[in-house]
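Next come the chains, spelled out residue by residue.
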Amino acid sequence: MAATAMNRRVILKDYVEGYPSEEHMELLPATEVFLRLTSDDPPGSVLVRNLYLSCDPYMRPKMSRPLRASYTAAFVPGSVITGYGVARVVDSSDPRLSPGDLVWGITGWEDYSVVKPPVTAFLSKISHGADGGVPLSYYTGILGMPGLTAYVGFHEICAPKAGETVFVSAASGAVGQLVGQFARLAGCRVVGSAGSAEKVELLKTKFGFHDAFNYKEESDLAAALARCFPEGIDIYFENVGGAMLDAVLLNMRVHGRIAVCGFISQYNLKDDERDAVRNLSAVIAKRLKMQGFIEPDHKHLYPKYEEWVLPYIRDGTIAYVEDVAEGLESAPKALIGLFHGRNVGKQLVRIADDE
């Protein structure tokens, strides 16, 4: 008889309009699952035991009814929520992966997941792991999707030069905290914004930002940016959108670059509530480069990024802060907290210890 285990799952109950709540998700009672692939699983499938789950802002649009084209498919009500995570392979018909391998990539919000093609292409084998001095949880963040996102947006799209000025919004989050440190390493002057005094202090003392401000305490964002950047902004790493983007456009320097990673301020608004961007003419007047991007388009750069960043992690040059929730049952609350600014650092959920 094949070994079995009990599997819990978190599902989306229905599509969401406005701000999501924990009640939009449900932790189902555990059911028994076989710890091996079956004939129903297509060739190339991988059965994994999930260890860490990542909570990311991009998951919010996936909770909405799919009314428009998107680079990522919406969640299906009644089905398990999916996202990035770290897992150990239990069984595999993918020739790249064997039982016992540690992987990071797209998995389910459940104890055990069968990852099927083509999604298995997004599973990457972890070659360093805990025995290499790197916590496994880092593969939900600095060594996972957020890390590559920060690297691509800053180094590949914005092409920084020493001495330039850099502004990062949502700067204490998983991506922002890295962009700020990458900018410092590149010899740039970097300023970040965050939503609490605690986070502002973290930016300046832990992550080495040259300055930071609490956007909630600023009545005029354009004036706040002019105060921090009297000669203007060369590079803006965009995580927020809305009023912040409008204010940044007024403060960009000629030939400035904007890497557009996300619009978290807009994700929970209905179509008729979303902020208009009124200063787009600055893109022409200042000859700005403004480019949206997503991490999956740049997977080929991951080996280059990993080789570059690992020494900085190991010697402590780059700091990384995680906000770890415990247990699968805490995943809905952890995800919702992102949209209320409750997390400090990268939000993730530990659902099992690696054994």
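Just above, that's the structure.
Here the structure is a predicted model, which is why all the values come from computation and not from measurement.

Q: Please explain the overall build of the chain as it appears in this structure.
A: Along the backbone of the chain there are eight helices and 15 strands. The C-alpha radius of gyration computed for the chain amounts to 21 Å, which stays within 12% of the reference 20 Å derived for 355 residues, consistent with globular compactness. Projected onto the principal axes, the alpha-carbon positions of the chain cover approximately 70 × 45 × 35 Å. Across the 355 residues in the chain, those meeting the buried criterion constitute 53%. Long-range contacts, defined here as pairs at least 24 residues apart, represent 70% of the contacts in the chain between residues at least 6 apart. As displayed, the chain offers around 15,500 Å² of accessible surface, 52% of which is attributable to carbon and sulfur atoms. Measuring between centres, the 36 positive side-chain charges of the chain sit 4 Å from its 43 negative side-chain charges.

Q: What exactly am I supposed to notice about the sheet that holds strand β11 (residues 233-238) here?
A: To summarise the sheet geometry, strands pair through backbone hydrogen bonds and adopt either a parallel or an antiparallel arrangement. Across the sheet, which stays open at both edges, the six strands sit in the order β10-β9-β8-β11-β12-β13 with parallel pairing between neighbours. Unpaired on one side and paired on the other, β10 (211-214) and β13 (289-292) mark the two borders of the sheet. Going from strand to strand, the sheet's axes swing by 15 degrees on average, the running direction of each strand aside. Of the strand pairs in this sheet, strand β8 (residues 165-168) and β11 are connected by three bridges, and their pairing is parallel. Within the sheet, the bridge partner assigned to Val168 lies in β11 and is Phe237. Each of β9 (189-194) and β10 is contacted by helix α3 (residues 197-205), which is oriented at about 170 degrees to β10, the strand it contacts most.

Q: Would you explain the environment of Lys13 in this entry?
A: By the secondary structure assignment, Lys13 is in the loop between β1 (4-12) and β2 (25-34). In this structure the C-alpha to C-alpha distance between Lys13 and Val76, which are 63 residues apart in sequence, comes to 8.6 Å. Residues within four places of Lys13 in sequence aside, it is in contact with Glu23, His24, Met25, Glu26, Pro77 and Gly78. A distance of 3.4 Å separates a polar atom in the side chain of Lys13 from the backbone oxygen of Glu23.

Q: Quick question: what am I supposed to make of the pattern of salt bridges here?
A: Opposite charge on two side chains makes pairing possible when the charged atoms of those side chains draw close. Summed over the entire model, instances satisfying the criterion amount to 12 salt bridges. One salt bridge connects Glu164 with Arg257, and the closest N-O pair in it is separated by 2.7 Å. One end of the pair, Glu164, is in the loop between α1 (145-157) and β8; the other, Arg257, is in strand β12 (residues 252-260), and 93 residues separate them in sequence. On the accessibility criterion, Arg257 (10% relative accessible area) is buried. Close ionic contact of Asp234 with Arg253 constitutes a salt bridge, the shortest N to O distance being 3.6 Å. Placement of the pair is Asp234 in strand β11 and Arg253 in strand β12, with a sequence separation of 19 residues. Residue classification places Asp234 among the buried residues on the basis of a relative accessible area of 7%. Looking at Arg253, the relative accessible area reads 36%, which means it is partly exposed. The network of salt bridges with shared partners includes Arg8, Asp111 and Glu329.

Q: Honestly, the packing of α1 against helix α2 (residues 176-185) in this entry has me stumped. Any pointers?
A: Relative placement of two packed helices is described by the angle separating their axes and the distance separating the axes. Where α1 contacts α2, the axes come no closer than 9 Å and their chain directions differ by 45 degrees. By the criterion of interaxial angle, the relationship of α1 to α2 is oblique. Of the two possible hands of crossing, α1 and α2 adopt the one that is right-handed. Along its contact with α1, which presents Pro146, Gly147, Ala150, Tyr151, Phe154 and His155, the element α2 presents Leu178, Val179, Phe182 and Ala183. Taken together, the residues that form the contact of α1 with α2 break down as eight nonpolar, two polar and no charged.

Q: Explain unusual backbone geometry here, please?
A: Keep in mind that most residues, glycine aside, have a negative phi and that most peptide bonds are trans. The omega angle of the peptide bond from Pro117 to Pro118 is 5 degrees, so this bond is cis rather than trans. Relative to the elements of secondary structure, Pro118 occurs in the loop between β6 (112-115) and β7 (124-125). Of note, the phi angle at Ala170 is positive, near 45 degrees, even though the residue is not glycine. On the secondary structure map, Ala170 appears in the loop between β8 and α2.

Q: Whenever I open this one, the side chain of Asn251 confuses me. Can you help?
A: Within the fold, Asn251 resides in helix α5 (residues 242-251). From its side chain, Asn251 meets the backbone oxygen of Ala222 in a polar contact 3.3 Å long. If near-sequence neighbours (up to four positions away) are discounted, Asn251 is found in contact with Ala222, Leu225, Ala226, Gly232, Ile233 and Lys286.

Q: Explain the pairing of β11 to me, please; I cannot follow it from the model alone.
A: Sheet faces and side chains relate simply in a regular strand, where the side chains alternate between the two faces. The element β11 is extensively covered by neighbouring structure, given that six of its six residues are classed as buried. In terms of strand pairing, β11 meets β12 through five bridges, oriented parallel. Bridging from a neighbouring strand, Ile235 pairs with Arg257 of β12. As for the winding sense of the linkage, the β-α-β connection from β11 through α5 to β12 is right-handed.

Cut-offs and rules
Residues numbered from 1 in each chain as written. Predicted model: local features only at pLDDT ≥ 70, side-chain atom pairs only at ≥ 80, totals over all residues. Heavy atoms only, no water. Helix = DSSP H or I, 4+ residues; strand = E, 2+ residues; numbered from the N terminus. Rg over C-alpha atoms; globule rule 2.2 N^0.38 Å. Buried < 20%, exposed > 50% of the residue type's maximum accessible area, 1.4 Å probe, protein only. Contact = heavy atoms within 4.5 Å. Areas by Shrake-Rupley, 256 points an atom, 1.4 Å probe, with all protein chains shown as cover. Lys, Arg positive; Asp, Glu negative; His and termini not counted. Charge placed at Lys NZ, Arg CZ, Asp CG, Glu CD. Pairing = 2+ DSSP bridges. Axes fitted to C-alpha atoms, helices over the stretch in contact; angles between N-to-C directions. Polar contact = N/O pair within 3.5 Å; in protein donor to acceptor, adjacent residues only side chain to side chain. Salt bridge = Lys/Arg side-chain N within 4 Å of Asp/Glu carboxyl O. Parallel < 35°, antiparallel > 145°, perpendicular 65-115°, else oblique. Left-handed = near helix turned anticlockwise from the far one by under 90°. Nonpolar A, V, L, I, M, F, W, Y, C, P; charged D, E, K, R; others polar. Right-handed = clockwise from strand over helix to strand, strands pointing away.

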